[in-house]
Amino acid sequence: MPHFFEDYVKTPTSSPTFSSLPLPGPDQPLSGLAPTSEKSAPASATENNHATTAVKPKRRVLLIDDDPNMHDLCRHYIEKAGYDFLSAFNGANGLDLMRQNAADLVLLDFMMPDQDGFAVFKEFMTRDEYHHVRHIPVVMLTAYNDHDRKRALIEMGLKMYIVKPFGGQELIKVIENVLFANQAQQKLREQVEQANEEALILRTLLRDTYTFDNIVGTNPQMKEIFEKVLKVARTDANIMIYGESGTGKELIARSIHAHSPRAKGPFVPVDCVALPGNLLESELFGYERGAFTGAVNSKRGLLELANEGTFFLDEICELNLDLQAKLLRILQERQFRHLGGKELINVNIRVISATNRDPQMAVKEKVLRHDLYYRLNVIPLHLPPLRERRDDIPLLAQFFLRKFSHEGEKQLLRFSEEAMKRLVRYSWPGNVRELQNVVERMVSLSNGNMMGVEDLPDYLREEQDTAAMDAVAIPSDLTLREARQHWMEMFEKKYLIELINKYNGNISRVARKAGVHRMTIYRMLKQYNITLRTAIEKT
C-alpha cells in the first residue's frame, strides 16, 4: 500500500501480492503518466529501425535492493508497463547511478546489509555531489513500521513509501503517480524561477527608469535634493514633497520608492483632486457588498492594495477635512475597515504626499489639518520651480530633445542659439512638464535638423517681457516667504487670465495647456475670485 506524507504513521493490515493483481497490457498506456523533460535513453533495435518516427524516451526506474528475487519481480512488472529497468544491489552502486542522472525514479529498499536505505537516502539528500540530481523522486520499500525513521525520511524529502508485500499493479500505480506529481512540481518550480527572474528584470527596469540620472539637474538646489533623497529613501519615514505643478513631484516620489527597501512592493498613486470626496473615500478604503447604492460586489481599496509598498497622495491639501481625519487615524493605527465592513484590515505602508501649495499656509488657512501635516511632514522636500534654476533649462531641453528624437526615429536635432535664449528667458509657469511638452511639439513638427525661433510655439516666439514682472511692486515689510507667495499669486492670476482669454474660457484646454488637472483650474479661479467673464474682460 503506498503512503503519502500524511499517512506515514498508519500501519496497513494487509496487502495484495504481486501475482494477485492484473497489470495493464502493452496496448493500455497509463493515463496518468505525463512526460517530463526529454532525456536520452538507450534505444532498442526496434527504435533504431524507426528513427524517422518521433519516439518519446522511456522513463527509467532504478531499484536499489540486495534481494535478487525482488529485482526479477520488479523488472517483470516495470518493463511490462513500458519503463526501462535499472538494477543496483547495494547503496554504493545505487548512489553512483543516481549521481550520473541515470534514473527518473528510484525504488530504495529500507533494509540492506552494509548501508541501509535510511543512510543511502540521507547521503543523497545532504551531500553536495548529488545536488544536481536531487529532483529525482525516491520511493522507499519497507516491511517495517519504524515511525521515527519514516518521519525523519519524510522531513528530508522522501516522496512516498510502500509497505511490503505489495502488488504489481500497486507498484506501477505508485510509480505513475510519483512521476506525474514530480513533473507537476518541476513545472511549478520552473514557473516560479521564471517569475522571479521576470520580477528581478522588472525591478531593474524600474530602478533604471526612475534613477536620479533621469531627474536632470546640475543646479546646486537640485544636487542637494538628490543627496537628501538618497538618504531618506533607505528609511521608512513619511515624506512631503511640495513645489509648483510640473516640477516633478511624482517622479521624485517614484524614485524614492524604487531606491527603498519597499521597491518590491506596489507604488500606488492617488490624485486627491481627480475624484469628489465621497467617491474618493470608497476608492481609498474599499467597500463591502451592499455598503451603499450600487455596491453590488465587494472591492479592495487603494490603501489595501498599497500594503508593503508606498502610498503616494498627490495634492494632499485638496483632500477634504473628514477624509484627512480618517487618514490620520490610519497612519496612527495602521488599521482601517472597508465601508460597510466590520473586520479590521492591517496595512504596512509608507506615505509620500505632495502639494503645489505652501503646506504651512494651508495649515493656517485650515485646509490642511495641523496634526496630519506633522504626521506627513516628517521629511520635507521642496522642489524649486524651473524659473529659479534657469541654468538647468539648456540641460533639460537637450535631454528631452534626445529623448523625443530617439522615440520619433529622427536624426539628432539641435537648437539654434536664439531659440535656446528664448527658452532660458521664458518664465515656465508649467515648469519642467511645460518644457517637456514644448520640446516634444518642436521635435514632432520639425523639418530640418536645426530648430530655430520659428519652431517655437506662438507665445514663445515673441520676446518675453521679463522686466514687466520684475517691476511688480512688492511691499517691503513682507518676509521672503510672504513676498515670494505674493509674487506667485500675482503671476498665477495674470497667467490664468491670459490662458482663459486665449482659449475662450474652455477650462479643459486651459488645464491641458497649463499641465494641471481641471479641478486645479477651478480651485485657482475660486482662490483668486476670477470668473470667466471678468477674465475675458480684463484682457
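Just so you know, these numbers come straight off a predicted model, no measurement behind them.

**Q** Can you walk me through the packing of aromatic side chains in this structure?
**A** Ring pairs (aromatic) are described by centroid distance and by the angle formed between their planes. Scanning the entire structure with this criterion turns up 7 aromatic pairs. Relative to F312, the ring of F267 has its centre 5.9 Å away and its plane inclined at 25°; by these criteria the two rings are stacked. Here F267, found in strand β8 (residues 267-271), pairs with F312, found in strand β11 (residues 310-314); they are 45 residues apart in sequence, far enough to count as distant. Residue F267 is classed as buried on the basis of its relative accessible area, which comes to 15%.

**Q** What is the right way to read unusual backbone geometry from this model?
**A** Generally, phi is negative for residues other than glycine and the peptide bonds are trans, each holding for most cases. With an omega dihedral of -5°, the bond running from K164 to P165 counts as a cis peptide bond. Mapping P165 onto the fold places it in the loop between β6 (160-163) and α6 (168-209). At E315, a position not held by glycine, the phi torsion is positive, near 55°. Here the phi dihedral of W428 falls at roughly 50°; this positive angle occurs in a residue that is not glycine. Within the fold, W428 resides in the loop between α15 (417-425) and α16 (431-445).

**Q** It is not clear to me how the environment of I521 should be interpreted in this structure. Could you clarify?
**A** For I521, the position within the fold is in helix α21 (residues 518-527). Residues I521 and L496 lie 25 residues apart in sequence; the distance between their C-alpha atoms is 8.2 Å.

**Q** Explain the pattern of salt bridges here, please?
**A** For the structure shown, the criterion picks out 23 salt bridges. Ionic pairing is found between R369 and D371, a salt bridge with its closest N-O pair at 2.7 Å. Judged by its relative accessible area of 24%, D371 is partly exposed. R425 is the partner of E418 in a salt bridge, and the nearest nitrogen-oxygen pair spans 3.8 Å. Given the relative accessible area of 29%, R425 is considered partly exposed. Here the salt bridges share partners, and the residues they tie into one network are D96, R99, E123, R127 and E129.

Procedures and definitions
- Residues numbered from 1 in each chain as written.
- Predicted model: local features only at pLDDT ≥ 70, side-chain atom pairs only at ≥ 80, totals over all residues.
- Heavy atoms only, no water.
- Phe/Tyr/Trp six-rings, centres within 6.5 Å; stacked < 30°, edge-to-face > 60°.
- Helix = DSSP H or I, 4+ residues; strand = E, 2+ residues; numbered from the N terminus.
- Buried < 20%, exposed > 50% of the residue type's maximum accessible area, 1.4 Å probe, protein only.
- Salt bridge = Lys/Arg side-chain N within 4 Å of Asp/Glu carboxyl O.

Everything listed here is a matter of geometry and, on its own, says nothing about what the molecule does.
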